[in-house]
There are 2 protein chains.
Amino acid sequence: MKAITKYWFLEGFNLFKKIGRLNMMKICELLEMDNIEKGNPIALNEAHRNSIFFLKRGSVKIVNTTNDSVKYIVKHGNIFGELALYDQEAATKEIAYALEDCIICYIEPEQMEQLMEKHKSLKNGVLKVYGLRIQKLERRLHDLLYKDSSTRIREFISEYLDEFGETNEAGKSIAKNLLSHKEIANLTNTSRQTVSNVLSTMRKEGVIDYNVKFFISDTK
Amino acid sequence: MKAITKYWFLEGFNLFKKIGRLNMMKICELLEMDNIEKGNPIALNEAHRNSIFFLKRGSVKIVNTTNDSVKYIVKHGNIFGELALYDQEAATKEIAYALEDCIICYIEPEQMEQLMEKHKSLKNGVLKVYGLRIQKLERRLHDLLYKDSSTRIREFISEYLDEFGETNEAGKSIAKNLLSHKEIANLTNTSRQTVSNVLSTMRKEGVIDYNVKFFISDTK
DNA sequence: CTAAAACTGTCGCCTAGAGGAACTATTATA
DNA sequence: TATAATAGTTCCTCTAGGCGACAGTTTTAG
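Residues numbered from 1 in each chain as written. Chains lettered and ligands numbered in written order. Predicted model: local features only at pLDDT ≥ 70, side-chain atom pairs only at ≥ 80, totals over all residues. Heavy atoms only, no water.

An unreviewed UniProt entry lists chain A under the name Crp/Fnr family transcriptional regulator, from Winogradskyella immobilis.

See the structure below:
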């Protein structure tokens, strides 16, 4: 029964979708799960420093421990901490915080590797995650070089709304405002003040609206 | 005999080191090889657009086709074009040019995937290559944000000498000068003029010396 | 329920370094 | 060997946007 509950969780992870129900059940027995309250760090305790995480519910920010800047955000349904698979060193340089109440599953790298040996599709999935990570980094580098800060922020907001927004009855896209200006600045490689500026001009222009709780855009 | 010749080639690739002599021989039969003269593009012909390459001898620059800027350089003994494994699209956006006369082996992605199925260590190797790529990109992004252009250029030169330099009798490290200032500018995300400036001040300071053919640094 | 801490909004100053112009040196091409 | 093309050098101008400052606002904590 417990396994079935867990099964339900993982349904969301495309990584696991392909590998079939039975295998899924077996895997589930290996996975521990946890609730994390908004604002709290994930896996601060040494024991799970290098775990790989599956984020079932909520969202998470990955923070660079050396300078406290946000590297990226992870939406529910995705994997994070996969760095631990190839480089334990690098993995300790980032820490995750819950941006909302979260449900996570975690697994140790050794177990993960065993699993990957057994399930080809899992290994392919991880390869894909790595590939996506490379694409994202290249995009970020490119944007930094060829787009001005205002554009970067605007694009970030629009993509944020695409990712986190839900269209309401009135046809507006509404997304929880989970990030401070400082964090948006980190993610777009700009300064806090510039984010503030661009955001308010966007509001003046009527492109978006926002308050402490939400971002709202007219057209999806 | 032909196979043995090829075997000799691949010896240099750590990727292949682990998988054993016999397997190696089998793999070799699948691989085509080629000589590329300095300055020429690699795999311009459509047929091999998406191949994965092993660089036995020489070095290669990977150029972004959209804006003609150098993305990175590949030293002999390394793999490139591995992008094709996860994203054929992305792979067509870069093209490689020989910085010196090169010997390359190439393999189609499908074959590569078959090989990876058979040889676990090969798959792990590729995973590692991906991991390194991520590290490099993160480093580059970090440098761009937190180091000024002069520092970036200086560090690049010193690393270039580490990578390509060979210590001579006099205890100096000498590296072939394979890159134009414009290309160094691309790689350090600076401008042609700044590279020129920094280089000549480095010369004035006595940190390095250089001419059309070589870079020279006193201490290794 | 109040004090402190952490966020937001705005303004204006200041600097790193891109990018143009102009010229020389070097290397390919005819 | 002349001519064109490319690479390297120097100098100067101009601007994007980081950063400090400070006032207003919201959140957290005790």
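Next comes the rest of the write-up.
Novice: Explain the overall build of chain A to me, please; I cannot follow it from the model alone.
Specialist: The helix and strand tally for chain A stands at 9 helices and 12 strands. Looking at chain A as a whole, 49% of its 220 residues qualify as buried. Residue pairs in contact within chain A that sit at least 24 positions apart in sequence constitute 68% of those at least 6 positions apart. For chain A, the computed accessible surface area is about 11500 Å², with 50% contributed by carbon and sulfur atoms. (Helix = DSSP H or I, 4+ residues; strand = E, 2+ residues; numbered from the N terminus. Buried < 20%, exposed > 50% of the residue type's maximum accessible area, 1.4 Å probe, protein only. Contact = heavy atoms within 4.5 Å. Areas by Shrake-Rupley, 256 points an atom, 1.4 Å probe, with all protein chains shown as cover.)

Novice: Please explain the protein's contact with DNA strand D as it appears in this structure.
Specialist: Taken together, 16 residues form the shell around DNA strand D, and within it S149 and S191 of chain A together with H181, R192 and S196 of chain B come nearest. Taken together, the sugar and phosphate atoms account for 62% of what DNA strand D places within 4 Å of the protein. Here a phosphate oxygen of DNA strand D and a side-chain polar atom of S196 of chain B are 2.8 Å apart. Here a phosphate oxygen of DNA strand D sits 3.4 Å away from a polar atom, N or O, in the side chain of Y210 of chain B. Contributing elements (two or more residues each) for the surface near DNA strand D: α9 (192–205) of chain A together with α9 (192–205) of chain B. The greatest single-element share of the surface near DNA strand D, amounting to 5 residues, is contributed by α9 of chain B. Here the residues of the surface near DNA strand D are counted per class, giving 2 nonpolar, 11 polar and 3 charged. (Near = heavy atom within 4 Å. Polar contact = N/O pair within 3.5 Å; in protein donor to acceptor, adjacent residues only side chain to side chain. Nonpolar A, V, L, I, M, F, W, Y, C, P; charged D, E, K, R; others polar.)

Novice: When you look at the relation of the copies chain B and chain A in this model, what are you seeing that I'm missing?
Specialist: By a simple turn and slide, chain B fits onto chain A: the slide is 0.2 Å along the axis, the RMSD is 0.1 Å, and the turn is 180°. This pairing of chains is accounted for by a two-fold axis. Taken together, the interface assignments show that 100% of the residues at the interface of chain B recur at the interface of chain A, consistent with an identical surface on both copies. (Least-squares fit on C-alpha atoms with pLDDT ≥ 70 in both.)

Novice: Can you walk me through the packing of aromatic side chains in this structure?
Specialist: Any two aromatic rings considered together are summarised by their centre-to-centre distance and by the angle between their planes. Inspection of every chain in the model, using the stated rule, returns 12 aromatic pairs over all chains. Note that K61 of chain B overlies the ring of Y97 of chain B, its terminal NZ or CZ placed 5.6 Å from the centroid. (Phe/Tyr/Trp six-rings, centres within 6.5 Å; stacked < 30°, edge-to-face > 60°. Lys NZ or Arg CZ within 6 Å of the ring centre and 35° of its normal.)

Novice: So what exactly am I meant to see when it comes to the pairing of strand β4 (residues 59–64) of chain A here?
Specialist: In the case of a regular strand, side chains alternate between the two sheet surfaces. All names here are of chain A. For β4, the buried fraction is high: 6 of the 6 residues fall into the buried class. Alternating positions in β4 separate into two faces, S59, K61 and V63 on one and V60, I62 and N64 on the other, with burial throughout. The pairing of β4 with strand β5 (residues 69–75) spans 6 bridges and is classified as antiparallel. Within β5, the position partnered with V60 by the bridge is V74. Strand direction decides the pairing type here: β4 and strand β7 (residues 94–98), joined by 5 bridges, are antiparallel. Looking at the pairing, I62 lines up with A96 of β7. (Pairing = 2+ DSSP bridges.)

Novice: Explain the sheet that holds strand β6 (residues 79–80) of chain B here, please?
Specialist: In any sheet, the strands associate via hydrogen bonds between backbone groups, in a parallel or an antiparallel arrangement. All names here are of chain B. Here 4 strands make up an open sheet; going across it, the order is β1-β8-β3-β6 and the pairing antiparallel. Two strands close off the open sheet at either side, each with one partner strand: β1 (32–36) and β6. For strand β3 (residues 52–57) and strand β8 (residues 102–107), the ladder comprises 5 bridges, and the chain directions are antiparallel. Residue pairing across strands places L55 opposite I104, the latter belonging to β8. In the packing of helix α5 (residues 109–118) onto the sheet, the strands contacted are β3, β6 and β8, and the crossing angle to β8 comes to about 75°. (Axes fitted to C-alpha atoms, helices over the stretch in contact; angles between N-to-C directions.)

Novice: For this particular structure, what's the right way to read α9 of chain B?
Specialist: Three or four residues apart is the spacing at which side chains of an α-helix point the same way, because the helix has 3.6 residues per turn. Residue and element names in this part refer to chain B. Helix length check: α9 (14 residues) gives 20 Å between terminal C-alpha atoms against 20 Å at 1.5 Å per residue, within 8%. Those residues of α9 not exposed but buried are V195, V198, L199 and M202. Buried positions in α9, seen along its axis, are confined to an arc of 100° and lie on one side of it. Within α9, the exposed residues directed more than 90 degrees away from the buried face are N197 and K204. The inward-facing, buried residues of α9 contact α7 (149–164), α8 (181–188), β11 (208–210) and β12 (214–217). The positive-phi residue at the C-terminal boundary of α9 is G206, with phi of around 80°. (Expected span 1.5 Å × (residues − 1). Arc of directions from axis to C-beta.)

Novice: Looking at this model, I keep getting lost on the protein's contact with DNA strand C. Mind explaining?
Specialist: Not every one of the 15 residues close to DNA strand C is listed here, only the nearest: H181 and R192 of chain A together with S149, S191 and T194 of chain B. In DNA strand C, the atoms that sit within 4 Å of the protein are 60% sugar and phosphate, with bases accounting for the remainder. R203 of chain A is positioned with one of its side-chain polar atoms (N or O) 3.4 Å from a phosphate oxygen of DNA strand C. Here a phosphate oxygen of DNA strand C sits 3.0 Å away from a polar atom, N or O, in the side chain of T194 of chain B. Elements supplying a minimum of two residues to the surface near DNA strand C: α9 of chain A together with α9 of chain B. Take the surface near DNA strand C: its biggest share by element is 5 residues, from α9 of chain A. Broken down by class, the residue content of the surface near DNA strand C amounts to 2 nonpolar, 10 polar and 3 charged.

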